[in-house]
Structure formats: C-alpha cells, structure tokens
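Results of the structural survey
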Amino acid sequence: MPPDDQPPARVLLSDTAERRWFEPTPVGRDADAARLTAEQVASWREQGFCLVDGLLPDDLVDAVRADAAAFFPEPGSDAAAAMKGFGSGQRFVFPSPSAEFNAITLHPDLLRAVADLLGVAVPDLRLTQSDLWPKYGRPPSGEPNDNADQRIHCDYPNHMLTHPSPWDAPDAVEMIVYLDDVDDCEGPTALVAREGEDDPAYAWPIMAMPGVEGLDYINDREKAEAYLREHAPEKDAFRAAHLYPREACARYRAGTALLHRHDVWHRGTVARTGTRRLAMNLTFKRADVEWINIIHVGWAWSAYHLDHHLEQLIGAASVDQRTVMGFPAPRSRYWNNATLEAVNARFAPFGFDPTPYEM
Ligand SMILES: O=C(O)CCC(=O)C(=O)O
Ligand SMILES: [Fe+2]
C-alpha cells in the first residue's frame, strides 16, 4: 500500500510477494447498458487509467477470442517462434473481416465509456486505432526492439504530432481489452498511477524516454536503460527513481478493459513462456483534435475486399457508430440532396438507411 503521506489510490491495489497489483472493478449499469462508475471515471482522470470488468458482453469477448485464436499461430509452434512484435496484416485491424472484432471496436457501451471519460458526447469521438495482436511468451532476446520486457514509456510519440495537452484537458482515451487471463499468460501491463499535480513522475513535459528529443527508439527495457545511461543519464536516473519502483500490474482476465491515456507511464511485461496473450488495442480521440493520427491505413482502404466488410459495416452501423468512424454526421456541411443520393446509391445494397441524413 502507498505510504501514509500519499493520497489513497483510487484504483484498488493489492500486494503479493512478487508484485503490486491493480485490481479491476466491475462497471455499473445504466438501464440495460454497462456504464463506468463515478469512481472509475475519477480514477482515469486523476491517476491516468481505470481497470474495469464487465464493459463488454462475455459472449462477444469469447467470439473475438475464438476468431483470433484460430488465426494466429499456436503458442509453441514454429510459426509462433517466427512472429516478432505486433501485427496481423490487415486481418485484425479495423475494419476487420471479423464482424465480432468490429462489434467490440464500436460497441455502444464502450463508446459511451470513452465519451464519459473525455466528458463529451459519443458523436464527438473519432476512432484512431483498433487492432488485435498476440504476445507470445518468451524470455527477452536482448534485441533492442524485442517486445517481451518493454521499457517504461508513454504512448504519445507515435500517435500524435505534438505533445499531449495538459493533464486536465485530455484529447484521447487508449484502451487494452484483454482476451486471456493473467493467471495463464502472466505478462500484465504495468503502470504508474499519477499522484496529484506535483507528482514528480509526471513533471511536464514528458521527455524521459527513448524515441523522443533525438534519442533512439528502443523497446527492450534493459537495452533502453543502458542506452539512456550512456546518452541521457539524467533520464535514466529519473526513470530509476520515479518510474520503475512505482509500477504496479493490471490483474486482467478475458474481457477486462484497461482504459488509459497517451501521457500515462506504462509498459508490457514478460509473458509466460509457451503461452500466447491476445489483446485488442484501441484509441479514440476528440473529433476536434487534428494532431492525433489514425495509426493504421484509413478505413476506406478495405473497400475492395471481396467480402465487402467495410460496406456491410457502414450499412449496418448506427448513426453514432458511423460518425465515430469519420462518416459525416447528420447536418454535416457535406450533406445535400446530391451527396445523399450518391452515398445512398453506394451503400443501399448494404442496408444503408439515408433518412437520418436528410436535410
Ligand atoms: O502489452 C502490453 O501490456 C502493453 C503494450 C504497450 O504498452 C505498447 O506496446 O505500447
Ligand atoms: Fe504502450
């Protein structure tokens, strides 16, 4: 537990002999929907993250897990050994041929949770990342870009062209949806909870990591710290004093969601050798934010896929879900009789209803 002179953690902390843990808490209910509790929202806004259970329906989580488990190589196989780092090609990148993957990405309760965190309405969100990747448990190889035991970092550099906005004016929500159990796979995400505005770990600006200010990008923890000791010893000292000693781990199981931010310290840790941890990674930004990029190729790139999953998704989606994808909202300046007729011609075969967009 934190010492007496520190504010109490809102995220639940527990200790075991080897690790400190953040424990997930159940979401609340609002009519038939899952909704973040006030405590969970406060945890995200104050500490930089919340860890929640029950945001997504179990059967949807099971279905995505089954789909991904059938696609990615079995742990322990030669094909698994050959897989390094991230990636599924386009198979588990939004929009995916997996309807369940898309259904999680745009799940109404998930969108509502993100909107609640940012204090905006759902149509004021834009999706900028949704992918699913396996982490195969293996000891760190010692390669600088090995992903097994990550250096502690914030995610902002490869999501945005700038630096995150001040803490109390966040522009985006990141999320990891775990599809396995930490008891099987280990490899929990470790995080440093922010403790108030004077927390030295969160001194402004956030520069004490590889890959910014002209420093090389290095993923592996030991290699990154050795590099910083040589090239930026004050950053290494800062990380050794304020970050690594304070990290605690997200105790996840299938369906647990970690909602975090581009300016929160965290890292991936070593997964149990011979296992495969599957997880989805999502990011939503405020619609008025141009300096955060879509991290994948754009959604329209999938339009020539023979199964027409992009068009089917657009046809079947709710107005809010389309808007979060960047499709023009009702009353957008895009809409007039000509554009409505044209867009309807394109998507009518997929069940598109033009009524909400009529002038
Ligand atoms: O895999 C994890 O638990 C975290 C991964 C991560 O932080 C990253 O790749 O940026
Ligand atoms: Fe990260």
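Here we summarise the structure given alongside this text.

What counts and how
- Residues numbered from 1 in each chain as written.
- Chains lettered and ligands numbered in written order.
- Predicted model: local features only at pLDDT ≥ 70, side-chain atom pairs only at ≥ 80, totals over all residues.
- Helix = DSSP H or I, 4+ residues; strand = E, 2+ residues; numbered from the N terminus.
- Buried ≥ 20, exposed ≤ 12 C-beta atoms within 10 Å, placed from the backbone.
- Contact = placed C-beta atoms within 7 Å.
- Near = placed C-beta within 6 Å.
- Core = buried A, V, L, I, M, F, W, Y, C linked by C-beta atoms within 7 Å.
- Pairing = 2+ DSSP bridges.
- Axes fitted to C-alpha atoms, helices over the stretch in contact; angles between N-to-C directions.
- Parallel < 35°, antiparallel > 145°, perpendicular 65-115°, else oblique.
- Nonpolar A, V, L, I, M, F, W, Y, C, P; charged D, E, K, R; others polar.

1. Quick notes on the overall build of the chain
A tally of helices and strands in the chain yields 11 helices and 13 strands. With the C-alpha coordinates aligned to their principal axes, the bounding extent of the chain is approximately 60 × 50 × 45 Å. Looking at the 359 residues of the chain, the share that counts as buried comes to 40%. Sequence-distant contacts in the chain: of pairs separated by 6 or more residues, those separated by 24 or more amount to 78%.

2. Brief notes about the site of ligand 1
Neighbouring ligand 1 are the residues Lys 135, Gln 150, Asp 155, Thr 189, His 266, Arg 267 and Gly 268. Ranked by residue count, the leading element in the shell around ligand 1 is strand β12 (residues 266-268), at 3 residues.

3. Here we look at the nonpolar core
The biggest cluster of nonpolar side chains holds 72 residues, and the ones touching the most others in it are Val 114, Val 177, Leu 191 and Leu 259. Discounting residues that sit within four places of it in the chain, Val 177 has contacts with Leu 56, Ile 104, Ala 257, Ala 279 and Met 280.

4. A look at the pairing of strand β13 (residues 276-286)
Along β13, 10 of the 11 residues are buried, which leaves the element largely enclosed by surrounding structure. Examined bridge by bridge, strand β8 (residues 172-178) and β13 share 7 bridges and lie antiparallel to one another. Following the sheet pairing, Tyr 178 is matched in β13 by Ala 279.

5. Structural notes on the environment of Thr 189
When you line up the elements, Thr 189 lands in strand β9 (residues 189-191). Among the residues examined, Thr 189 registers 22 C-beta atoms within 10 Å and is labelled buried. It is 43 Å that separates the C-alpha atoms of Thr 189 and Val 343, two residues lying 154 residues apart in sequence. Aside from chain neighbours lying at most four places away, what touches Thr 189 is Ile 176, Ala 250, Leu 258, His 266 and Gly 268.

6. Some details on the sheet that holds β13
If you trace the 6 strands from one edge of the open sheet to the other, you get β3-β6-β11-β8-β13-β7, paired in mixed fashion. The open sheet is flanked by β3 (25-26) and β7 (125-136), the only strands paired with a single partner. For β3 and strand β6 (residues 50-53), the ladder comprises 2 bridges, and the chain directions are parallel. Following the sheet pairing, Thr 25 is matched in β6 by Val 52.

7. As for unusual backbone geometry
In the segment running from Phe 94 into Pro 95, the intervening peptide bond is cis, with an omega of -10°. In this structure, Pro 95 sits in the loop between α3 (78-82) and α4 (99-105). Looking along the chain, the bond that leaves Trp 204 and enters Pro 205 is cis, with omega of -10°. Checked against the element boundaries, Pro 205 lands in the loop between β9 and α7 (221-231). For Glu 186, which is not a glycine, the phi torsion comes out positive at approximately 55°. As for its placement among the helices and strands, Glu 186 is situated in the loop between α6 (182-185) and β9.

8. Quick notes on the packing of α7 against helix α8 (residues 233-243)
A pair of packed helices can be characterised by two numbers: the angle between their axes and the separation between those axes. For the pair α7 and α8, interaxial distance at closest approach is 5 Å and the crossing angle is 135°. For the element pair α7 / α8, the angle class is oblique. Residues Glu 225, Leu 228 and Arg 229 of α7 touch α8, and the partners they reach there are Pro 233, Lys 235, Asp 236 and Arg 239. Residue classes in the contact of α7 with α8 are distributed as 2 nonpolar, no polar and 5 charged.

9. Observations concerning helix α1 (residues 38-47)
Along α1, the residues that are buried comprise Gln 40, Ser 43, Trp 44, Glu 46 and Gln 47. On the buried face of α1, the contacting elements are β3, β6, α5 (108-118) and β11 (257-260). Just beyond α1, the residue with positive phi is Gly 48, at close to 105°.

10. Structural notes on the environment of Ala 113
Mapped onto the elements of the fold, Ala 113 is located in helix α5. Taking the C-beta count within 10 Å as the criterion, Ala 113 has 27 such neighbours and is therefore assigned buried. Residues Ala 113 and Thr 37, 76 residues apart in the sequence, show an inter-C-alpha distance of 9.4 Å. Beyond its immediate chain neighbours, meaning those up to four positions away, Ala 113 contacts Leu 36, Leu 55 and Leu 259.

11. Structural notes on the pairing of β11
Alternating positions in β11 separate into two faces, Ala 257 and Leu 259 on one and Leu 258 and His 260 on the other, with burial throughout. Taken together, the 3 bridges between β6 and β11 define a ladder with antiparallel strand orientation. Residue pairing for β11: Val 52 is matched across the bridge by Ala 257. For β8 and β11, the ladder comprises 4 bridges, and the chain directions are antiparallel. Pairing of Glu 174 across the sheet is with His 260, part of β11.

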